[in-house]
Amino acid sequence: MSAETNNAIVVLTGAGISKESGLDTFRDADGIWAKVRLEEVATPEAFARDPEGVHEFYNSRRRKLREGDVRPNAAHAALARLEAEWPGSVLIVTQNVDNLHERAGSKNLIHMHGEHVKARCAHCGVTLVWECDMSRDDVCADCGRPGGMRPHIVWFGEMPLQMERIFAALETCALFVSIGTSGNVYPAAGFVQHARLSTNAHTVELNLEPSESATLFAESHYGPATEVVPGYVERLLETGQVN
Ligand code: APR
């Protein structure tokens with residue numbers, strides 16, 4: 001593919017894009033890690049030590065997604081519009097485990113940190129759709145063995161999902177856009193550098209405030225995602241130019 005025809009876009013999203021849908025971020029003052037210690041709920045060691053405690057943490061967040069008034073917002077909708085109308089590929093790589101991108105209509109989507117609405121069997125490795133509460137008593141619908149079901153969430157110390165596909169996209173994109181992430185957690189925080197160095201992609205940060213990686217971006221627009229993202233997508237579609 002020649003450089004001038006390359007108009008592939010990779011979008012990384014983080015908890016900030018779902019904040020205005022009513023879901024907490026992690027590192028804001030009122031964030032999840034201000035209320036519970038990640039070492040107690042988001043590591044394989046925590047799950048081995050206190051499986052029911054970890055299940056309850058994820059059950060409560062899954063319940064909020066299922067029963068709370070949580071819907072995709074204008075930023076999720078703008079990204080679904082970009083995928084539908086942009087004359088090239090648009091891949092969303094999300095760190096989020098909610099299902100708001102799918103519900104907004106996005107299709108070309110990778111959940112690199114897993115998904116609330118899925119479970120994984122530690123015995124046979126199968127991944128199953130799972131929207132209700134989960135406990136150690138649950139039986140795997142595939143292998144029939146009990147006691148092995150865990151949230152399909154990538155915990156700290158575990159390898160994020162589909163990394164080869166993500167790096168392949170970063171190495172062939174013309175535009176990398178980061179939305180609603182603090183740039184604290186790798187490998188996602190390193191994607192901007194990878195895109196810049198491997199394909200000289202134009203890089204854009206859309207966030208409430210400058211992230212840890214802010215200086216690495218060629219362009220940035222700050223403000224609430226429901227204002228900044230639709231405006232950015234509108235301009236992108238109007239001009240057809242990635243930079
Ligand atoms: N609009 C846009 N950005 C926002 C908004 C908003 N309304 N509200 C908050 N933000 C920004 C914050 O300024 C912050 O930079 O969203 C970012 C959220 O950062 P984090 O809470 O660290 O969330 P995230 O970057 O997604 O965390 C990455 O860390 O704990 C792990 O696995 C977890 O996927 C998560 C990963």
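Residues numbered from 1 in each chain as written. Predicted model: local features only at pLDDT ≥ 70, side-chain atom pairs only at ≥ 80, totals over all residues. Heavy atoms only, no water.

Participant: Can you walk me through helix H7 (residues 163-170) in this structure?
Facilitator: An α-helix turns once per 3.6 residues; consequently, residues spaced three or four apart project the same way. Those residues of H7 not exposed but buried are Met163, Ile166, Ala169 and Leu170. Angularly, the buried residues of H7 cover 125° about the axis, an arc narrow enough to put them on a single face. For H7, the secondary structure elements touched by its buried residues are strand S1 (9-13), strand S2 (90-94), strand S3 (109-111), strand S7 (175-179) and helix H8 (191-199). (Buried < 20%, exposed > 50% of the residue type's maximum accessible area, 1.4 Å probe, protein only. Helix = DSSP H or I, 4+ residues; strand = E, 2+ residues; numbered from the N terminus. Arc of directions from axis to C-beta. Contact = heavy atoms within 4.5 Å.)

Participant: Help me out: how do you make sense of the site of the ligand in this one?
Facilitator: Close contacts around the ligand come from 23 residues, with Ala15, Phe26, Arg27, Thr181 and Ser182 the closest. In this structure, an oxygen atom belonging to the ligand sits 2.7 Å away from a main-chain N or O atom of Phe26. Relative to its unbound accessible area of 740 Å², the ligand is 95% covered by the protein chains. Across the shell around the ligand, the residue classes tally to 8 nonpolar, 10 polar and 5 charged. (Near = heavy atom within 4 Å. Polar contact = N/O pair within 3.5 Å; in protein donor to acceptor, adjacent residues only side chain to side chain. Areas by Shrake-Rupley, 256 points an atom, 1.4 Å probe, with all protein chains shown as cover. Nonpolar A, V, L, I, M, F, W, Y, C, P; charged D, E, K, R; others polar.)

Participant: Could you clarify how one ought to interpret the nonpolar core in this entry?
Facilitator: For soluble globular proteins, the rule of thumb is that nonpolar side chains tend to be buried together. Judged by nonpolar contacts, the single largest core of 25 residues is most densely connected at Ile9, Val177 and Val229. For this core, the secondary structure elements donating two or more residues are S1, helix H5 (74-85), S2, S7, strand S8 (202-207) and helix H9 (225-239). If one sorts the elements of this core by residue count, H9 sits on top with 7 residues. Setting aside anything within four residues of it in sequence, one finds Ile9 in contact with Leu82, Trp86, Ser89, Val90, Leu91, Leu175, Val177 and Leu236. (Core = buried A, V, L, I, M, F, W, Y, C linked by side-chain atoms within 4.5 Å.)

Participant: Whenever I open this one, the packing of aromatic side chains confuses me. Can you help?
Facilitator: Aromatic rings considered in pairs are described by the distance between their centres and by the relative angle of their planes. Tallying each qualifying case throughout the model produces 8 aromatic pairs. Centre to centre, the rings of Tyr58 and Trp155 are 6.3 Å apart; their planes meet at 45°, and the pair counts as tilted. Taken together, the positions of Tyr58 in helix H4 (residues 51-67) and Trp155 in the loop between strand S6 (149-153) and H7 put the pair 97 residues apart, joining distant regions of the chain. For the pair shown, Tyr58 and Trp155 are each scored as buried. A connected cluster of aromatic rings, assembled from ring pairs, spans Phe26, Trp33, Phe47, Phe57, Tyr58, Trp155 and Phe156. The ring of Trp155 carries the charged tip of Arg150 above its face, separated from the ring centre by 3.9 Å. (Phe/Tyr/Trp six-rings, centres within 6.5 Å; stacked < 30°, edge-to-face > 60°. Lys NZ or Arg CZ within 6 Å of the ring centre and 35° of its normal.)

Participant: What is the right way to read the pairing of S6 from this model?
Facilitator: Consecutive residues of a regular strand have side chains that alternate between opposite faces of the sheet. Most of S6 sits inside the fold, with 5 of its 5 residues counted as buried. Of the strand pairs in this sheet, strand S4 (residues 114-121) and S6 are connected by 4 bridges, and their pairing is antiparallel. Of the residues in S6, the one forming a bridge with Arg120 is Arg150. (Pairing = 2+ DSSP bridges.)

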